[in-house]
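Geometric and topological summary
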There are 2 protein chains.
Amino acid sequence: MSTVATGTSPGRAALLSAMEELAREHGVNNVGLREVARRAGLSHAAPTHYFGSREGMIRALALEGLSLLGRELCAAQERAAHLPGRERLVADSLEFVAFAQRHPAHYDAMFRTPRPAQGDETLDGARIAALDGLRALVADVRAAGDITGDVETTFLQLCALSHGLASLAVDGLLHGIEGPAPAEDVVERTIRAQVAQLP
Amino acid sequence: MSTVATGTSPGRAALLSAMEELAREHGVNNVGLREVARRAGLSHAAPTHYFGSREGMIRALALEGLSLLGRELCAAQERAAHLPGRERLVADSLEFVAFAQRHPAHYDAMFRTPRPAQGDETLDGARIAALDGLRALVADVRAAGDITGDVETTFLQLCALSHGLASLAVDGLLHGIEGPAPAEDVVERTIRAQVAQLP
DNA sequence: CACATTGCTTTACAATGTCAAGTACCCCGC
DNA sequence: GCGGGGTACTTGACATTGTAAAGCAATGTG
């Protein structure tokens, strides 16, 4: 073969998980192809073989993370299905932030890999799909009469707030902006206030 | 000299502005010390001389950006001083997002340079200082009786929402999440809705 | 048995970040 | 007017990186 290889294979999976470990430690843009290969016990060119380039490898991590996020948001929704409408919004938003903290490397690759990697439509599609559960939830809760605001506006408010909080939390910036309270409490308080204010 | 050099000097300024150009084009973590030096017309080691390391150079860009942001948020506040309380909150939040779009390289360095660079207290201090105007504004507007919610919570809501929107906008992700409406309209609509909902 | 595909490896190269030393210039005390 | 010390760099070297090209064993497939 000349370029990028098949979908799954033990080597590929080993590389991805090695990359995740390293990105967790050093930040996603400080991981080297060769270091990843070393940790996975393969030759230095194995990552290029599977992912085509450094950027391709990050992209692969992003795709993996997006499908994970989609599943976990749905799972959280099911767990919260019996709660009142607004509580379901709180639960899903909290789960979003918690996901970012649990999988910081994936999260970086998914939503925080600046400039390049723009205009990749399968990546864009995966992002939309991952968030579609949340969008549908907002529509449901509105249909049930628990909130009355415009669905798209409400959805974006929740997305942007959650993404903002998640980014600050993952980068350890919350303590810089807010006081020294534990990050999780600050996040929960803010999201709760937000959802309570929704019209 | 052995390590990092003085505060200002023509070379240093040239390097910083070369870096800003390059970071705008390729994203902040794809700029190379040597490329910056080339564009500034200096030798490949000039950046190391001034900033000590690659990380130090990004840090310098962050500090520059933070002082800029602080000034511009204050300027926006003065321009909006005659408006009703909530409109002043809208104006300052919008200015925050607009700043990120006007100075994407600085913004990345300031708020979106993951993992390392954590626990740098002069950077943390500069971040707090840059946002202090907004925090004070929230307190003012509340003191005037235009809003009633807790100052810290309201402040964090606005910060996180603005940061989230700014990040999405800068990364070109808004079109992926929201429809194809121009980013600026989406941002304005969302921020306006948010401020209107504040208790 | 020929042949393509998969799953890598080896070799090679240009470019990068960083370190150690060197150089040209300016100012200040003597 | 001259030596010494700082400033503002440069030059040279080195280990390491991302990427490209070619190769090679094993595994199907006709």
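Reading the values: rules and limits
Residues numbered from 1 in each chain as written. Chains lettered and ligands numbered in written order. Predicted model: local features only at pLDDT ≥ 70, side-chain atom pairs only at ≥ 80, totals over all residues. Heavy atoms only, no water. Near = heavy atom within 4 Å. Polar contact = N/O pair within 3.5 Å; in protein donor to acceptor, adjacent residues only side chain to side chain. Nonpolar A, V, L, I, M, F, W, Y, C, P; charged D, E, K, R; others polar. Least-squares fit on C-alpha atoms with pLDDT ≥ 70 in both. Contact = heavy atoms within 4.5 Å. UniProt positions renumbered as here; feature names shortened; annotations may be inferred. Helix = DSSP H or I, 4+ residues; strand = E, 2+ residues; numbered from the N terminus. Core = buried A, V, L, I, M, F, W, Y, C linked by side-chain atoms within 4.5 Å. Buried < 20%, exposed > 50% of the residue type's maximum accessible area, 1.4 Å probe, protein only. Phe/Tyr/Trp six-rings, centres within 6.5 Å; stacked < 30°, edge-to-face > 60°. Salt bridge = Lys/Arg side-chain N within 4 Å of Asp/Glu carboxyl O. Axes fitted to C-alpha atoms, helices over the stretch in contact; angles between N-to-C directions. Parallel < 35°, antiparallel > 145°, perpendicular 65-115°, else oblique. Left-handed = near helix turned anticlockwise from the far one by under 90°. Expected span 1.5 Å × (residues − 1). Bend = angle between axes of the 7 residues up to and from the residue. Domains from an automatic or database assignment. Buried area = accessible area lost by both parts, 1.4 Å probe.

**Thoughts on the protein's contact with DNA strand D**
Among the 20 residues in the neighbourhood of DNA strand D, the closest are listed as Arg34(A), Arg54(A), Ser43(B), His44(B) and Tyr50(B). In this structure, Arg34(A) approaches DNA strand D through a side-chain N or O atom, which is 2.4 Å from a base nitrogen. Tyr50(B) places a polar side-chain atom, nitrogen or oxygen, 2.2 Å from a phosphate oxygen of DNA strand D. The class makeup of the residues in the surface near DNA strand D is six nonpolar, ten polar and four charged.

**A few points about the relation of the copies chain A and chain B**
Superposing chain A onto chain B takes a rotation of 180 degrees combined with a translation of 0.0 Å along the rotation axis, leaving an RMSD of 0.0 Å. Such a combination of turn and shift is consistent with a two-fold rotation axis. Comparing contact sets, 100% of the residues at the interface of chain A also lie at the interface in chain B, consistent with an isologous, same-surface contact.

**Re the UniProt feature "domain: HTH tetR-type" (unreviewed entry) in chain A**
Per the UniProt entry, the sites bearing "domain: HTH tetR-type" (unreviewed entry) are residues 9-69 of chain A in this numbering. End C-alpha to end C-alpha, residues 9-69 of chain A measures 22 Å, and it is 77% helix and 0% strand.

**So, the nonpolar core**
Core analysis: the largest hydrophobic core is formed by 121 residues, its most contacted members being Leu89(A) and Leu89(B). For Leu89(B), the contacting residues outside a window of four places in its chain are Leu137(B), Val138(B), Val141(B), Ile147(B), Leu158(B), Val195(B) and Leu198(B).

**Concerning the packing of aromatic side chains**
Residue and element names in this part refer to chain B. The tally for this structure, following the rule as stated, stands at eight aromatic pairs over all chains. Judged by centre distance (6.1 Å) and plane angle (45 degrees), the rings of Phe-96 and Phe-111 are tilted. One end of the pair, Phe-96, is in helix H5 (residues 85-102); the other, Phe-111, is in helix H6 (residues 104-111), and 15 residues separate them in sequence. Phe-96 gets classed as buried once you look at its relative accessible area, which sits at 5%. Taking relative accessible area as the criterion, Phe-111 reaches 3% and is therefore assigned buried.

**Looking at the pattern of salt bridges**
All names here are of chain A. One pass over the structure, following the stated rule, counts 30 salt bridges over all chains. One salt bridge in this structure joins Arg-102 and Glu-95, with 2.8 Å as the shortest N-O distance. With a relative accessible area of 36%, Arg-102 lands in the partly exposed category. Salt bridges sharing common partners tie together Glu-72, Arg-79, Glu-95 and Arg-102.

**Description of the UniProt feature "DNA-binding region" (unreviewed entry) in chain A**
In the numbering used here, UniProt assigns the "DNA-binding region" (unreviewed entry) feature to residues 32-51 of chain A. In the segment residues 32-51 of chain A, helix accounts for 70% and strand for 0%; the C-alpha atoms at its two ends are 13 Å apart.

**Here we look at the packing of helix H1 (residues 10-26) of chain A against helix H2 (residues 33-40) of chain A**
Residues and elements named next belong to chain A. Across the interface, H1 lies against H2 with an axial gap of 8 Å and an inter-helix angle of 120 degrees. Relative to H2, the element H1 is oriented oblique. In this structure, H1 crosses over H2, and the sense of that crossing is right-handed. Contacts between H1 and H2 involve Ala-14, Leu-15, Ala-18, Met-19, Glu-21, Leu-22, Glu-25 and His-26 from the first element and Glu-35, Val-36, Ala-37, Arg-39 and Ala-40 from the second. Counted by class, the contact of H1 with H2 contains eight nonpolar, one polar and four charged residues.

**A closer look at helix H7 (residues 121-143) of chain A**
Residues lying three or four places apart along an α-helix face the same way, a consequence of the helix completing one turn every 3.6 residues. The end-to-end C-alpha distance of H7(A), which contains 23 residues, comes to 31 Å, matching closely the 33 Å that a straight helix rising 1.5 Å per residue would cover. At Asp132(A), H7(A) is deflected by roughly 40 degrees, the largest bend along its length. Of the residues making up H7(A), those classed as buried are Leu123(A), Ala126(A), Arg127(A), Ala130(A), Leu131(A), Gly133(A), Leu134(A), Arg135(A), Leu137(A), Val138(A) and Val141(A). Where the residues of H7(A) are buried, they touch helix H4 (54-79), helix H5 (85-102), helix H6 (104-111) and helix H8 (151-170) of chain A together with helix H9 (174-177) of chain B. Among the residues trailing H7(A), Gly145(A) stands out with phi positive, at a value near 85 degrees.

**Describing the domain arrangement of chain A**
Residue and element names in this part refer to chain A. In terms of domain boundaries, chain A breaks down into domain 1 (1-52) and domain 2 (61-197). Here the C-alpha centre of domain 2 lies 28 Å away from the C-alpha centre of domain 1. Domain 1 puts six residues into the contact, and the matching count from domain 2 is eight residues. Carbon and sulfur atoms make up 70% of the area that domain 1 and domain 2 hide from each other, which totals about 620 Å². The interface formed by domain 1 and domain 2 holds zero salt bridges in total. On the surface where domain 1 and domain 2 come into contact, there are one residue pair in polar contact (both at pLDDT 80 or more). Residues that form the side of domain 1 that touches domain 2 fall into these classes: four nonpolar, no polar and two charged.

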